[in-house]
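# Coordinate inspection notes
Chain residues, written in single-letter form:
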Amino acid sequence: MNLKWLAYRYSSLFKLYSSNSDNGTWNKTGFMKNALIDIPTEDTQLKLANIYDQILCYLEKLQTIKTRINNLLSCEIIKEYNSYLYTNKPISEMFNCMSGNSGLTEECIYSKLQVSGKKYTVLSGATTQESSLGEIPMCIINGKKLKVFEQDEGILVTRKGKAGEIRYINNIKKNHTINDDAYIIYVKDSYKGLINLKWFIIQYKKLFKEYASSSDNGTWNKTGFFNYAVIDIPTHNEQIELIKKYEEVEQLQSKILRIEYEIKELAKREIFYDD
């Protein structure tokens with residue numbers, strides 16, 4: 001018997017004899033007494049073991065590529081542009097900031113489910129592109145009217161927790177509001193059309209992190225950011241050029257993730273053999 005084949009072929013059988021708790025144990029007695037297996041010829045065992053070895057080899061290579069792509073996407077962009085609209089421009093001159101709603105909790109959202117009216121998607125510093133805390137209508141919370149984001153697009157900034165994390169949001173499909181774990185910054189009317197927010201996120205995400213405290217439950221220093229942060233703004237065409245290059249890498253990342261998923265699904269399949 002080829003033990004590598006046994007480990008690959010019957011990994012699910014071994015798991016059937018483990019308990020489901022977080023501190024689970026494996027039932028050796030039950031396994032040795034009741035587990036049944038079919039054993040093909042040595043050649044078939046070796047062939048199947050080699051197939052699984054190839055799968056693991058592909059996954060290892062994909063993991064290396066994934067790491068390199070993730071590092072590339074998260075690194076600071078250092079680029080000399082050919083021409084600039086502005087240099088050393090204070091953030092406060094170009095951006096406004098909307099703070100969150102104190103008291104906008106999951107319990108509060110639940111309590112307003114039956115209230116009619118236009119709904120707003122609730123974001124926090126922990127929500128992702130695919131998730132939210134739910135929806136809430138215009139209402140009064142702790143004696144104050146719900147603050148909502150009415151601009152076409154903005155940047156969600158995590159205020160506490162993973163402080164300084166940012167992501168792009170827009171109101172094309174949904175209208176948004178936030179709890180007090182986040183801010184939304186957006187371009188002032190006088191600078192709209194000059195700053196592409198997707199470019200800004202790519203180029204200056206590290207700048208946001210510089211104004212976050214380093215503790216595990218850090219906070220983002222909005223006051224410091226708006227008082228001291230300055231940026232350079234290249235021409236619109238150069239902003240678009242950087243976005244295109246960045247999106248090419250993101251597309252490659254998506255492709256790698258899809259391939260990895262398909263290979264893992266293949267590895268889960270029971271391989272049947274006909275001797």
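Read on for an overview of the structure. On a predicted model such as this, the values are computed, not experimentally measured, just so you know.

Here the focus is the side chain of Asn101. Mapping Asn101 onto the fold places it in the loop between strand S2 (95-98) and helix H6 (106-111). For Asn101, a relative accessible area of 6% corresponds to the buried category. Side-chain polar atoms of Asn101 contact the backbone nitrogen of Lys147, separated by 2.8 Å. If sequence neighbours within four positions are ignored, Asn101 has contacts with Lys145, Leu146, Lys147, Thr177, Ile178, Asn179 and Asp180.

Turning our eyes to something else, we now look at the pattern of salt bridges. Scanning the entire structure with this criterion turns up nine salt bridges. A salt bridge links Lys192 to Asp189; the nearest nitrogen and oxygen atoms lie 3.3 Å apart. Taking relative accessible area as the criterion, Asp189 reaches 60% and is therefore assigned exposed. When salt bridges with common partners are traced through the structure, they connect Lys66, Glu260 and Lys264 into a single cluster.

Moving on: the packing of helix H7 (residues 197-209) against helix H9 (residues 236-268). Each pair of packed helices can be summarised by the angle the axes make with each other and by the distance between the axes. As a packed pair, H7 and H9 sit with axes 9 Å apart at the nearest point and diverge in direction by 75°. As far as their axial angle goes, H9 and H7 are roughly perpendicular. For the pair formed by H7 and H9, the contact residues are Lys198, Trp199, Ile202, Gln203 and Lys205 on the first element and Gln239, Leu242, Ile243 and Tyr246 on the second. Taken together, the residues that form the contact of H7 with H9 break down as five nonpolar, two polar and two charged.

In this structure, the largest pocket spans a volume of roughly 970 Å³. As for the largest pocket, its lining consists of 28 residues, of which Gln129, Ile166, Arg167, Ile201 and Glu250 are closest to the centre. Among the secondary structure elements, those contributing two or more residues to the lining of the largest pocket are helix H4 (42-74), strand S7 (153-158), strand S8 (160-161), strand S9 (166-170), H7 and H9. Its residues assigned to classes, the lining of the largest pocket comprises nine nonpolar, ten polar and nine charged.

Time to look at the sheet that holds strand S4 (residues 135-137). Strand order in the open sheet formed by three strands is S4-S3-S10, with mixed pairing between adjacent strands. Edge positions in the open sheet fall to S4 and strand S10 (176-178), since each of these has one partner strand only. Strand-to-strand twist across the sheet, computed as the mean angle between neighbouring axes with direction ignored, equals 45°. Summarising the sheet, strand S3 (residues 119-123) and S10 pair through three bridges and their orientation is parallel. Looking at S10, one finds that Leu123 is bridged to Ile178.

Attention shifts here to the sheet that holds strand S11 (residues 182-187). Strands in a sheet are paired, the pairing made by backbone hydrogen bonds, and the direction either parallel or antiparallel. The sheet built from four strands is open, its strands ordered S2-S11-S7-S9 with antiparallel pairing. Edge strands, defined here as strands with exactly one partner in the open sheet, are S2 and S9. Averaged over all neighbouring strand pairs, the angle between strand axes comes to 30°, with direction disregarded. As judged from the four bridges shared by S2 and S11, these two strands associate in the antiparallel manner. Paired with Asn96 across the strands is Tyr186, a residue of S11.

As a further point, take the packing of aromatic side chains. Summed over all chains, the structure comprises 20 aromatic pairs. Geometrically, the ring pair formed by Phe225 and Phe226 is edge-to-face, given 5.7 Å between the ring centres and 75° between the ring planes. We classify Phe225 as buried; its relative accessible area is 0%. Looking at Phe226, the relative accessible area reads 13%, which means it is buried.

Turning our eyes to something else, we now look at H9. Since one α-helical turn is 3.6 residues long, residues separated by three or four positions face the same way. The end-to-end C-alpha distance of H9 is 48 Å, a good match for the 48 Å that 33 residues give at a rise of 1.5 Å each. Along H9, the residues classified as buried are Glu238, Gln239, Leu242, Ile243, Tyr246, Val249, Ile256, Glu260 and Ile263. Along its buried surface, H9 packs onto H4, H7 and strand S13 (230-234).

For the rest of this paragraph, the subject is the nonpolar core. As a rule of thumb, nonpolar side chains are buried together in soluble globular proteins. Counting residues in each nonpolar core, the largest one holds 43 residues, and the members touching the most others are Phe95, Ile185, Ile195, Trp199, Phe200, Phe225 and Ile231. If one sorts the elements of this core by residue count, H7 sits on top with eight residues. With near-sequence residues (within four places) excluded, Ile195 lies in contact with Met94, Phe95, Val187, Phe200, Ile233 and Gln239. Core analysis: the next-biggest nonpolar cluster, separate from the first, contains ten residues, Cys108, Ile109, Tyr120 and Val148 among them.

Conventions and cut-offs
- Residues numbered from 1 in each chain as written.
- Predicted model: local features only at pLDDT ≥ 70, side-chain atom pairs only at ≥ 80, totals over all residues.
- Heavy atoms only, no water.
- Helix = DSSP H or I, 4+ residues; strand = E, 2+ residues; numbered from the N terminus.
- Buried < 20%, exposed > 50% of the residue type's maximum accessible area, 1.4 Å probe, protein only.
- Polar contact = N/O pair within 3.5 Å; in protein donor to acceptor, adjacent residues only side chain to side chain.
- Contact = heavy atoms within 4.5 Å.
- Salt bridge = Lys/Arg side-chain N within 4 Å of Asp/Glu carboxyl O.
- Axes fitted to C-alpha atoms, helices over the stretch in contact; angles between N-to-C directions.
- Parallel < 35°, antiparallel > 145°, perpendicular 65-115°, else oblique.
- Nonpolar A, V, L, I, M, F, W, Y, C, P; charged D, E, K, R; others polar.
- 1 Å grid on protein atoms, 1.4 Å probe; cavity = no way out; pocket = protein on both sides within 12 Å on 5 of 7 lines; lining within 4 Å.
- Points joined across faces, edges and corners; volume = space filled by probe spheres on them.
- Pairing = 2+ DSSP bridges.
- Phe/Tyr/Trp six-rings, centres within 6.5 Å; stacked < 30°, edge-to-face > 60°.
- Expected span 1.5 Å × (residues − 1).
- Core = buried A, V, L, I, M, F, W, Y, C linked by side-chain atoms within 4.5 Å.

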